[in-house]
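A closer look at the structure
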Amino acid sequence: MNNGLLTGLVSGPNLFSYIGVPSLQDHNDIADCNNLATRSADLGHHRYANPKGWFEEYARTLNFLGWSLYGDSIHTRTQHILSRSVADFLVESAHAMRDARQANAMIDTLDTLKTDHPAILSFDNETREGETFQVAPARYDPQGNLHIALFKLELSVQIKRRSFLFWNWENHSARIIQRRALLKLDRGELNRRRTLIDKVLSEQLMRRFILRK
């Protein structure tokens with residue numbers, strides 16, 4: 001696999017966007033940790049009836065696997081009115097972070113996803129057309145540490161739409177609720193969990209859609 005072409009990853013109800021080019025090992029670690037965290041959250045909480053509890057369990061599992069939470073906390077929820085598409089909202093939110101790389105990466109990820117119909121279909125099915133889903137930009141800091149900004153999103157609309165990310169919600173009374181957690185990978189801690197990770201993954205592997213330019 002040419003990881004130089006990677007723009008992101010779709011797996012379950014999660015969309016990862018890569019800021020810069022991840023190493024193949026880090027790409028696989030993101031996918032594997034996401035698999036275990038999603039499975040753990042699904043076992044502990046109903047994905048749609050209790051999205052808050054699901055998100056907290058997901059973040060706790062990542063923390064156990066070596067992803068340390070900034071301040072050991074999850075940020076409280078915020079609510080936004082959608083005037084365009086969810087994709088536009090994600091790009092605008094990335095611009096608001098004052099990191100041009102994050103906004104450009106999100107555009108590349110969404111552009112790639114838009115043409116990957118199996119990935120869109122899976123994402124629609126896993127999220128009930130956006131009822132609850134996650135978006136996670138991943139980046140390296142100057143020291144080479146891997147970070148993810150994990151956003152839990154809940155789309156509230158009167159009529160659901162396929163390819164909900166790209167539907168124009170103007171004049172459709174659409175609202176989106178957002179929670180977030182910021183995490184940094186401790187590779188040493190993750191390496192100490194690899195035997196457990198490999199054991200669990202040998203029992204069940206979540207389907208993955210690798211997004212490439």
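Because the structure is a prediction, the values reported are computed rather than measured.

**Side note on the overall build of the protein chain**
Looking only at helices and strands, the protein chain has seven helices and eight strands in total. If you line up the protein chain on its principal axes, its C-alpha atoms span 50 × 35 × 35 Å. Taking all 213 residues of the protein chain together, the buried fraction comes to 48%. In the protein chain, the proportion of contacts linking residues at least 24 apart, taken out of those at least 6 apart, comes to 73%. The centroid of the 28 positive side-chain charges in the protein chain is displaced by 2 Å from the centroid of its 24 negative side-chain charges.

**Observations regarding the nonpolar core**
A general trend in soluble globular proteins is that nonpolar side chains are found buried together. Grouped together as the largest cluster of nonpolar side chains are 29 residues, with contacts concentrated most on I30, Y58, L62, W67 and L183. Here this core gets six residues from one element, more than from any other, and that element is helix 1 (residues 24–44). Setting aside chain neighbours within four positions, we find L62 in contact with C33, A37, W67, I148, L150 and L183. Judged by nonpolar contacts, the second largest core, of 25 residues, contains L15, V135, F209 and L211.

**A look at the packing of helix 1 against helix 2 (residues 51–64)**
For any two helices packed against each other, the geometry is given by the interaxial angle and the distance between the axes. At a closest axis distance of 8 Å, the pairing of helix 1 and helix 2 adopts a crossing angle of 140°. On the basis of the axis angle, helix 1 is oblique to helix 2. Where helix 1 crosses over helix 2, the handedness of that crossing is right-handed. Contacts from C33, N34, L36, A37, T38, S40, A41 and D42 in helix 1 reach W54, E57, Y58, T61 and L62 in helix 2. Among the residues forming the contact of helix 1 with helix 2, the class breakdown is seven nonpolar, four polar and two charged.

**Looking at unusual backbone geometry**
In this structure, E129 is a non-glycine residue whose phi angle is positive, near 55°. Relative to the helices and strands, E129 is located in the loop between helix 5 (117–127) and strand 5 (133–140). Judged by relative accessible area, E129 falls into the buried class, the value being 17%. Phi at S163 is positive, roughly 50°, even though this residue is not glycine. With respect to the helices and strands, S163 occurs in the loop between strand 6 (146–156) and strand 7 (175–185). Relative accessible area serves as the criterion here: at 29%, S163 is assigned to the partly exposed category.

**What about empty space enclosed by the protein?**
Rolled over the atoms, a probe as big as a water molecule pinpoints where empty space is left. A complete count under the given rule lists three cavities of 30 Å³ or more for this structure. In this structure, the largest cavity spans a volume of roughly 40 Å³. Around the largest cavity, the lining residues are F16, I30, C33, N34, Y58, L62, W67 and I148. Sorting the residues of the lining of the largest cavity by element identifies helix 1 and helix 2 as the ones contributing at least two each. At three residues, the largest contribution of residues to the lining of the largest cavity is made by helix 1. Considering only residue class, the lining of the largest cavity consists of seven nonpolar, one polar and no charged.

**Looking at the pattern of salt bridges**
Within this structure, the stated rule accounts for 19 salt bridges. Its salt-bridge partner being E131, residue K160 comes within 2.8 Å of it at the nearest N-O pair. In this pair, K160 is assigned in the loop between strand 6 and strand 7 and E131 in the loop between helix 5 and strand 5, connecting sequence segments 29 residues apart. Note on K160: relative accessible area 40%, which makes it partly exposed. Overlapping salt bridges, with partners in common, bring together R39, K199 and E203 in one network.

**Comments concerning the packing of helix 1 against helix 7 (residues 194–203)**
It is the contact of helix 1 with helix 7, at a shortest axis distance of 11 Å, that shows an interaxial angle of 65°. In this view, helix 1 runs roughly perpendicular relative to helix 7, as classed from their interaxial angle. Seen from above, helix 1 lies across helix 7 with left-handed handedness. Contacts from Q25, D29, D32, N35, L36 and R39 of helix 1 reach helix 7 at R194, I197, V200, L201 and E203. Residue composition of the contact of helix 1 with helix 7, by class: four nonpolar, two polar and five charged.

About the thresholds
Residues numbered from 1 in each chain as written. Predicted model: local features only at pLDDT ≥ 70, side-chain atom pairs only at ≥ 80, totals over all residues. Heavy atoms only, no water. Helix = DSSP H or I, 4+ residues; strand = E, 2+ residues; numbered from the N terminus. Buried < 20%, exposed > 50% of the residue type's maximum accessible area, 1.4 Å probe, protein only. Contact = heavy atoms within 4.5 Å. Lys, Arg positive; Asp, Glu negative; His and termini not counted. Charge placed at Lys NZ, Arg CZ, Asp CG, Glu CD. Core = buried A, V, L, I, M, F, W, Y, C linked by side-chain atoms within 4.5 Å. Axes fitted to C-alpha atoms, helices over the stretch in contact; angles between N-to-C directions. Parallel < 35°, antiparallel > 145°, perpendicular 65-115°, else oblique. Left-handed = near helix turned anticlockwise from the far one by under 90°. Nonpolar A, V, L, I, M, F, W, Y, C, P; charged D, E, K, R; others polar. 1 Å grid on protein atoms, 1.4 Å probe; cavity = no way out; pocket = protein on both sides within 12 Å on 5 of 7 lines; lining within 4 Å. Points joined across faces, edges and corners; volume = space filled by probe spheres on them. Salt bridge = Lys/Arg side-chain N within 4 Å of Asp/Glu carboxyl O.

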